[in-house]
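If you want the building blocks of each chain, they are given just below.
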Amino acid sequence: MIARAADEVGSRSDGSVRGLPPVERWNPPFCGDLDMEIRADGTWFYMGTPIGRPALVRLFSTVLRKDEDGRTYLVTPVEKVGIRVEDAHFIAVEMTATERDGEPLLTFRTQMGDVVEAGPEHPLRFVIEGEKRQLKPYLLVRGRLEALISRAVMYELVERGEVIDVEGVPMFALRSGGQIFPVMPADELDQLSQ
């Protein structure tokens with residue numbers, strides 16, 4: 001997974017992987033909104049047209065930042081422009097389950113090549129939406145930017161779930177990186193599965 005992500009993100013001539021720009025430290029002036037959108041399926045659009053160059057989309061993804069105002073921006077040292085995000089900034093397209101120090105560890109790869117270990121700095125959160133009460137899992141990737149976990153990966157993820165007592169309530173939950181991530185009350189899961 002990590003080698004594939006390094007190939008996608010790119011590497012320097014010396015073989016080291018490029019780091020991300022320090023967008024959290026940049027405070028340029030706001031220069032308006034750009035007609036750019038990240039759709040729910042992870043496709044990037046500019047002026048209503050999909051951006052067809054994956055390298056360009058990956059470049060834009062490295063200068064993404066979600067601010068305290070809840071809006072998402074492309075940020076450089078000299079300007080900040082707003083963009084729209086339909087659901088999440090990224091899509092988690094792959095998951096690997098391993099152990100570290102005898103504890104479960106879930107590692108995810110996004111469509112942009114970010115590799116993220118779920119744990120205290122990168123929590124999982126779960127939303128139940130719509131009339132059909134569909135489960136939508138999210139992973140904090142960096143800053144305030146999240147990845148929606150793809151449906152295929154979500155099925156792998158829930159297979160790893162277990163019922164854990166959380167503050168006196170039996171919860172269907174996941175463990176990763178020394179943390180417990182509650183998904184839903186176990187009795188609610190029982191009702192949904194009938």
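Refer to the structure above for everything that follows.
This is a predicted model, so every value here is computed, not measured.

What counts and how
- Residues numbered from 1 in each chain as written.
- Predicted model: local features only at pLDDT ≥ 70, side-chain atom pairs only at ≥ 80, totals over all residues.
- Heavy atoms only, no water.
- Buried < 20%, exposed > 50% of the residue type's maximum accessible area, 1.4 Å probe, protein only.
- Helix = DSSP H or I, 4+ residues; strand = E, 2+ residues; numbered from the N terminus.
- Arc of directions from axis to C-beta.
- Contact = heavy atoms within 4.5 Å.
- Pairing = 2+ DSSP bridges.
- Axes fitted to C-alpha atoms, helices over the stretch in contact; angles between N-to-C directions.
- Salt bridge = Lys/Arg side-chain N within 4 Å of Asp/Glu carboxyl O.

### Considering helix 2 (residues 54-62)
Consideration 1: Here helix 2 has its buried residues at Val57, Ser61 and Thr62. All buried residues of helix 2 project into a common sector of 140° when viewed along the axis, lining one side. Residues of helix 2 that are exposed and point over 90 degrees away from its buried face: Ala55 and Leu59.
Consideration 2: Tucked inside the fold, the buried residues of helix 2 contact strand 2 (44-46), strand 4 (64-66), strand 7 (90-100) and strand 11 (134-142).

### Some words on the sheet that holds strand 10 (residues 124-129)
Consideration 1: Overall, mixed pairing links the six strands, which are arranged 9-8-7-12-11-10 in an open sheet. Two strands lie at the open edges of the sheet, namely strand 9 (115-117) and strand 10, each paired on one side alone. Neighbour to neighbour, the strand axes of the sheet diverge by 40° on average, direction disregarded.
Consideration 2: Inspection of the sheet shows strand 11 paired to strand 12 (residues 145-149) by four bridges, in the antiparallel sense. Residue Tyr138 lies in a different strand from strand 12, and its bridge partner there is Leu148.
Consideration 3: Along the sheet, helix 3 (residues 151-159) contacts strand 7, strand 8 (103-110), strand 10, strand 11 and strand 12; its crossing angle with strand 7, the most-contacted strand, is approximately 25°.

### Observations concerning the pattern of salt bridges
Consideration 1: A complete count under the given rule lists 14 salt bridges for this structure.
Consideration 2: A salt bridge links Glu94 to Arg109; its shortest N-O distance comes to 2.8 Å. Linking Glu94 in strand 7 with Arg109 in strand 8, this pair joins segments that are 15 residues apart in sequence.
Consideration 3: Given the relative accessible area of 9%, Arg109 is considered buried.
Consideration 4: For Asp114, the salt bridge identified is with Arg142, shortest N-O distance 2.7 Å. With a gap of 28 residues between them, Asp114 in the loop between strand 8 and strand 9 and Arg142 in strand 11 connect regions that are remote in the sequence. Comparing Asp114 with Arg142 shows no difference in burial state: the two are buried.
Consideration 5: The structure contains a network of salt bridges with shared partners spanning Asp35, Glu37, Arg39 and Arg84.

### A look at unusual backbone geometry
Consideration 1: Positive phi, close to 55°, is recorded for Asp101, a residue that is not glycine.
Consideration 2: Turning to its location among the elements, Asp101 is positioned in the loop between strand 7 and strand 8.
Consideration 3: Take Asp101: its relative accessible area is 76%, and that puts it in the exposed class.
Consideration 4: Within the chain, Glu167 stands out as a residue other than glycine whose phi angle is a positive 50°.
Consideration 5: Secondary-structure assignment places Glu167 in the loop between strand 13 (162-166) and strand 14 (169-176).

### Let's talk about the pairing of strand 8
Regular strands place their side chains on alternate faces of the sheet.
Consideration 1: Counted residue by residue, strand 8 has six buried out of eight residues, so it is predominantly covered.
Consideration 2: Between the antiparallel neighbours strand 7 and strand 8 lie two residues, among them Asp101 with a positive phi of about 55°.
Consideration 3: Pairing of strand 8 with strand 9 involves three bridges; the strand directions are antiparallel. In the strand pairing of strand 9, Thr107 is matched with Glu117.
Consideration 4: Linking two consecutive strands that pair antiparallel, namely strand 8 and strand 9, is a turn of four residues; a positive phi of about 100° is found at Gly113 within it.

### Topic: the sheet that holds strand 13
Hydrogen bonding along the main chain pairs the strands of a sheet, whether they run parallel or antiparallel.
Consideration 1: Read from one edge to the other, the open sheet built from three strands follows the order 13-14-15, with strand pairing classed as antiparallel. One side of each edge strand has no neighbouring strand; the edge strands of this open sheet are strand 13 and strand 15 (179-185). In this sheet, adjacent strand axes meet at a mean angle of 55° when their direction is disregarded.

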